[in-house]
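Spelled out, the chains give:
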Amino acid sequence: MAAMNPPAPPAELQADDRTDRTPRGASRDPAPAPASTPPGTPARRRRGPRRPGIWRGAVLALAGVYFLGPLLASFVFTVHVPGQGITFEAYSELLSADGFTESLLLSLGLAAATIALSLLLAVPALVAVRIGSPRLRPVVEVMCMLPLVVPPIALVTGISTVLRWGPEHLSRTPLYQTFIAVQNEKFPLVLVFAYTVLALPFVYRSLDAGMRAVDVPTLVEAARSCGASWPYVVLRVLLPNLRASLAGAAFLTLALVLGEFTIASLLGFQPFAVWIVSISGAQARMSVAVSILSLLITWLLLIALSRAGTTPSTAAAAPATTSRKES
């Protein structure tokens, strides 16, 4: 009986038989490989969301019409005279107009003095709050934001009331001459003080944003550890890093001074904005031409300040040898 049984297959064939068992009806062929892209055929890119080019162009066109339309209409009004055609007399007579040069130079001088005074007050205060007393930051912020709450008419009323104290109560004191000096018509310092108060919110916001973007404590600590004095730290380390913020604050102050009318008019002075209104009744075309010219001057000054703010700064912390000499 044992001789009739067939011999057992080798162990290797048994192992292969066990591992190669597949269900009936299933193919033993491997899964077909994905078809490869023929050479030279460009690959298909995934389609992303379409850019809203049409809507963007429409929005820009509407914005251009909204801003440039009134300017174009004003320019046409200044150069077109019914019955005479196109003439540029309104622009050619500007330089010879009575009070044009004086009022423009006065406004530019007031703007320069206001920018210098506001930065001189705001920069040291914000640096001190940022480094030494962070808890006082809300107090400084509220004080700088107060001019946004007080209307200019209320501010000028208070200023005029204080100015009356000179002739009424201080005529026999040395302060009387001070009250007279700040009201000098050639360069009224009282307008500089009033404009500085009005510009404080804009100067504070611009400088605060710049200081948030710069690690002021680290810069000051590094400069002081090299032996730099505090004036050197502020002038050569902090101010170059705040160039863009300083330019923004200066431009906002310049725009405010060139366009301010209420305070100067009620106090009896005649800067550029007041002069434009004073000639509008008798020479309407010239007043509109001057308004267009003031916009162009403001844009040019904006470009100059923006270039000054974006110029790369090469100032860095001073070497130890130089800073030790100055400290």
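What counts and how
Residues numbered from 1 in each chain as written. Predicted model: local features only at pLDDT ≥ 70, side-chain atom pairs only at ≥ 80, totals over all residues. Heavy atoms only, no water. Salt bridge = Lys/Arg side-chain N within 4 Å of Asp/Glu carboxyl O. Helix = DSSP H or I, 4+ residues; strand = E, 2+ residues; numbered from the N terminus. Buried < 20%, exposed > 50% of the residue type's maximum accessible area, 1.4 Å probe, protein only. Core = buried A, V, L, I, M, F, W, Y, C linked by side-chain atoms within 4.5 Å. Contact = heavy atoms within 4.5 Å. Patch = residues over 30% accessible without salt bridge, like charges linked within 9 Å, V, L, I, M, F, W, Y side chains within 5 Å. Areas by Shrake-Rupley, 256 points an atom, 1.4 Å probe, with all protein chains shown as cover. Phe/Tyr/Trp six-rings, centres within 6.5 Å; stacked < 30°, edge-to-face > 60°. Lys NZ or Arg CZ within 6 Å of the ring centre and 35° of its normal. Polar contact = N/O pair within 3.5 Å; in protein donor to acceptor, adjacent residues only side chain to side chain. Axes fitted to C-alpha atoms, helices over the stretch in contact; angles between N-to-C directions. Parallel < 35°, antiparallel > 145°, perpendicular 65-115°, else oblique. Left-handed = near helix turned anticlockwise from the far one by under 90°. Nonpolar A, V, L, I, M, F, W, Y, C, P; charged D, E, K, R; others polar.

Draft legend 1. Structural context of the pattern of salt bridges. In this structure the tally under the stated criterion is 4 salt bridges. The partner of Glu141 in a salt bridge is Arg205, and the shortest N-O contact between them spans 2.9 Å. Placement of the pair is Glu141 in helix H5 (residues 137-145) and Arg205 in helix H9 (residues 189-213), with a sequence separation of 64 residues. A relative accessible area of 18% means that Glu141 is categorised as buried. Here Asp208 ties to Arg212 by a salt bridge, and the two come within 3.0 Å at their closest N and O atoms. Taken together, the residues span about one helical turn, with Asp208 and Arg212 both in helix H9 at a distance of 4 residues. A relative accessible area of 8% means that Asp208 is categorised as buried. A single network of salt bridges, built from pairs that share partners, joins Arg137, Glu141, Arg205, Asp208 and Arg212.

Draft legend 2. Highlighting the nonpolar core. Leu191, Leu207 and Leu267 are the most contacted members of the largest nonpolar core, which has 52 residues in total. Mapped by element, the contributors of at least two residues to this core are helix H4 (100-131), H5, helix H6 (152-163), H9, helix H10 (216-225), helix H11 (230-241), helix H12 (243-259) and helix H13 (262-267). Among the elements that line this core, the one with the most residues is H9, at 11 residues. Among residues more than four places away in sequence, those in contact with Leu191 are Leu110, Ile263, Ala264, Leu267 and Phe269.

Draft legend 3. Examining a nonpolar patch on the surface more closely. On the surface, a cluster of nonpolar side chains totalling about 620 Å² of accessible area is made up of Val142, Leu146, Leu148, Val149, Val150, Phe202 and Leu252. Of note, Val149 is situated in the loop between H5 and H6.

Draft legend 4. How the structure looks around the packing of aromatic side chains. By the definition in use, this model includes 4 aromatic pairs. Seen in terms of ring centroids, Phe100 and Phe272 are 6.0 Å apart; in terms of plane orientation they differ by 65°. Their pairing is edge-to-face. Remark: Phe272 occurs in helix H14 (residues 272-280) and Phe100 occurs in helix H4; sequence separation between them is 172 residues. Summarising the burial analysis for this pair, Phe100 and Phe272 share the class buried. Residue Phe272 is classed as buried on the basis of its relative accessible area, which comes to 2%. Joined through ring pairs, the aromatic side chains of Phe100, Phe272 and Trp275 make up one cluster. Geometry around Phe77 places Arg285 over its ring, the cationic atom sitting 5.0 Å from the centre.

Draft legend 5. Highlighting the side chain of Thr253. If you trace the backbone, Thr253 turns up in helix H12. Polar side-chain contacts of Thr253 include one of 2.8 Å to the backbone oxygen of Ala249. Not counting residues within four places of it along the chain, the set of residues in contact with Thr253 comprises Thr114, Ile115, Ser118, Ala199 and Val203.

Draft legend 6. Structural view of the packing of H4 against H9. Two elements in contact, H4 and H9, have axes whose closest approach is 8 Å; the angle formed by their N-to-C orientations is 45°. In terms of orientation, H4 lies oblique with respect to H9. When you trace H4 past H9, the crossing you get is right-handed. Every residue of H9 that contacts H4 at Leu110, Ala113, Thr114, Leu117, Ser118, Leu119, Leu121, Ala122, Val123, Leu126, Val127 and Arg130 is listed here: Leu191, Val192, Phe193, Tyr195, Thr196, Val203, Tyr204, Leu207, Asp208, Met211 and Arg212. Here the contact of H4 with H9 is built from residues that sort into 17 nonpolar, 3 polar and 3 charged.

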